[in-house]
Amino acid sequence: MGNRIAITGLGIVSALGMNVSENLDSLKKGISGISSLALLDSVYKNILPVGEIKKTDKQLADILQITYSEEYTRTALLAMIAAKEAWGVSGNNTDRSGIISATTVAGMRTSEQHYVDFLQHKDKSHFVETHDAGDSTEKVADYLGINDFVTTISTACSSSANSIMLGARLLKANKLDRVLVGGVDALSLFTINGFNTLMILDKEPCRSFDDDRAGLNLGEAAAFLQLVPEDKLRKTDHVYGYIAAYANANDAYHQTASSPEGVGATLAMQKAIDLAGIEKSEVDYINAHGTATHNNDLSEGLSIMKVFGDEIPAVSSTKPFTGHTLAAAGAVEAVFSVLSLQKGLIYPNLNFSNQMKELSFSPVVKLLQTNVKYVLSNSFGFGGNNSSIIYSGD
Amino acid sequence: MSTLKHVYLSNSSLFVNNKLVLRGENPIFAKFLKEVYLYNLSRYPKFYKMDALSKLAFVASEVLLKDYKHKHQAEEVGIILQNKSSTIIVDKKHQASISNREEYFPSPANFVYTLPNVMTGEICIRNGFKGENAVFIVPGFDAAFLMNYLQILFDNDKTKMMLGGFVDAGEDYYEAFMFIIDEQNYKEIQADQLYNLYKELKENAETS
């Protein structure tokens, strides 16, 4: 395997809680973070449930012990909280450190409040600076003093899985000594209205891999992992797990939809298993993308069947806990996957009741306590940007 | 450079391997694109819903791949393009539909084309390519960067065959330079030669 990539820090803020232990606690208790929208003024307030973090921007700034100002978008604040937890103190004093963050919504939540004013009043123009995708990454980089490599990835719902992959590759190529990887997305009218026009939002809490599923719930979150190549580990580093392998493959099917038979998803999972050099039977748990849209769960389910055949490991989607956190999803589920390895837990797929007729398997519905050595986590983006990452415990 | 199949489209002219094969009768970009499409390419109805940039890249790739014999699986083929103006034509169209308060209708049909890598996506969808694909925005065709990137892919056994090039379009200019490179010939192609070829084609198109 050569020089393995160790995971030496975890950080997360989601509708399940403001740090790793609060998130783990909700996962163990089976308490979903899906609720009514409270902190954003939308006509869909009491219609479309969401995975919302119930803290105002001012409260988020207080957690960070910084003075709240318009310089910080909600996206940046969420990213800073999760990044700080993952970077800890162990990240400091690194020779060559980097950050790769992912976002799709960027500063849109703020921009959309002021959009009409921008055109007439120059005094709102400072929000333009916080609009682009790189802004939240740069805020985190400044806050933590990470400055050797700073970049942002935006590839729809596989964004932060791809930032984890890029980080691992930079370490393997010896371009960096330590890297913070992850992603963030805040809820915004833009995403709620946009996904609503696509008619893929469920008015009920989402039901991943259920025959009666009716779409996804959007969520907001930030999650980060600190990565270090094994030969650069310090005595003070705590190793939570390893990145065993990863792969990204496209569908070559449609600009905005996945192929029904999941061509790219199959390729991504298969390539990741090959790269890990393990037997597919060694995968103990698949943390599925499982958004609960018709299209995703069908194509992902069929590709799991294609890759694993008769021996399908435990599968569940944690989207019914957090909502679909878009660019953050890959990193959120990376944190959950590492916790699964560490604690020997397989999380329940909440809200499941009806077997999908196209599939030979159904998801895990109760929390399982078992030995978990390999977790495969899927993140599939619009138009078939498919990423699979395998995490291992030792 | 004789081993490299390439096409160049600009100024109502289509060159294949430096030979002028089509001279458009109409100076209008959209009409010329349609002329190239109708110029013995196979029918592909999705062509009509593409934006101008994707149409340009698409017809270039179709001309390039037509009659090109190779033994590679589509899944092993990828495409790396460069571009200067991103998707400015469709961006302006989309912005106009947002700014118009009376007839406010930001069309999803335009929106999906407001990313330059949609042009590589269209080509991948058409041909079933599943290899590396990306678009890099650069101030002008950067042969050194492109060749370096392609060579890394071949050296690391990530691909067997690639399409590469520079595809760019704005309100009153457009050009597409595209070539096929494979595991056999990639080492023979030097970035400066490639750049000189591009310059030569550009000059030929301007004076044709």
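Rules behind the numbers
- Residues numbered from 1 in each chain as written.
- Chains lettered and ligands numbered in written order.
- Predicted model: local features only at pLDDT ≥ 70, side-chain atom pairs only at ≥ 80, totals over all residues.
- Helix = DSSP H or I, 4+ residues; strand = E, 2+ residues; numbered from the N terminus.
- Rg over C-alpha atoms; globule rule 2.2 N^0.38 Å.
- Contact = placed C-beta atoms within 7 Å.
- Domains from an automatic or database assignment.
- Nonpolar A, V, L, I, M, F, W, Y, C, P; charged D, E, K, R; others polar.
- Expected span 1.5 Å × (residues − 1).
- Bend = angle between axes of the 7 residues up to and from the residue.
- Buried ≥ 20, exposed ≤ 12 C-beta atoms within 10 Å, placed from the backbone.
- Core = buried A, V, L, I, M, F, W, Y, C linked by C-beta atoms within 7 Å.
- Pairing = 2+ DSSP bridges.

(A) Region of the structure containing the overall build of chain B. For chain B, the helix and strand inventory stands at seven helices and seven strands. For chain B, the α and β elements follow one another from N to C terminus as β-β-β-α-α-β-α-α-α-β-α-β-β-α. Relative to a compact globule of 208 residues, whose C-alpha radius of gyration would be 17 Å, chain B shows 17 Å and is just as compact. Relative to all contacts within chain B whose residues are 6 or more apart in sequence, the contacts with residues 24 or more apart total 68%.

(B) Up close: the domain arrangement of chain A. All names here are of chain A. According to the domain assignment, chain A contains domain 1 (5–232) and domain 2 (243–392). Listed as interface residues are 62 residues of domain 1 and, on the opposing side, 53 residues of domain 2. Secondary-structure elements contributing two or more residues to the side of domain 1 that touches domain 2 are β1 (5–13), α1 (20–29), β3 (50–51), α7 (159–172), β6 (178–185) and β7 (221–229). Of the residues assigned to the side of domain 1 that touches domain 2, the class counts are 32 nonpolar, 21 polar and nine charged.

(C) Representation of the interface of chain B and chain A. Between chain B and chain A, the residue contacts involve nine residues of the former and nine residues of the latter. Class assignment for the residues of the side of chain B that touches chain A results in five nonpolar, three polar and one charged.

(D) A look at helix α4 (residues 108–120) of chain A. All names here are of chain A. Between its first and last C-alpha, α4 extends 18 Å over 13 residues, near the 18 Å set by a 1.5 Å rise per residue. Along α4, the largest kink reaches about 60° and is centred on H114. Taken together, the buried positions of α4 are occupied by M108, R109, T110 and S111. Tucked inside the fold, the buried residues of α4 contact α3 (74–87), α5 (126–129) and α8 (189–197).

(E) A look at the nonpolar core. Judged by nonpolar contacts, the single largest core of 175 residues is most densely connected at V335 of chain A together with L56 of chain B. Per element, the largest residue contribution to this core is ten residues, and it comes from α3 of chain A. When residues of this core are assigned to domains, at least three map to each of domain 1 (5–232) and domain 2 (243–392) of chain A. When residues no more than four places from it in sequence are discounted, the contact partners of V335 of chain A are L10, I12, V20, A223 and L225 of chain A.

(F) Just the pairing of strand β7 (residues 173–182) of chain B, in detail. All names here are of chain B. Within β7, eight of the ten residues are buried, which leaves it mostly tucked inside the rest of the structure. Sheet topology note: the strand β1 (residues 5–10)/β7 ladder contains six bridges and is antiparallel. In the sheet register, V7 faces β7, and the bridge partner there is M178. Here strand β6 (residues 161–170) runs beside β7; their pairing, made up of ten bridges, is antiparallel. From the neighbouring strand, G170 faces β7, where its bridge partner is Y173. Hairpin geometry of β6 and β7 is characterised by an intervening segment of two residues between the two adjacent antiparallel strands.

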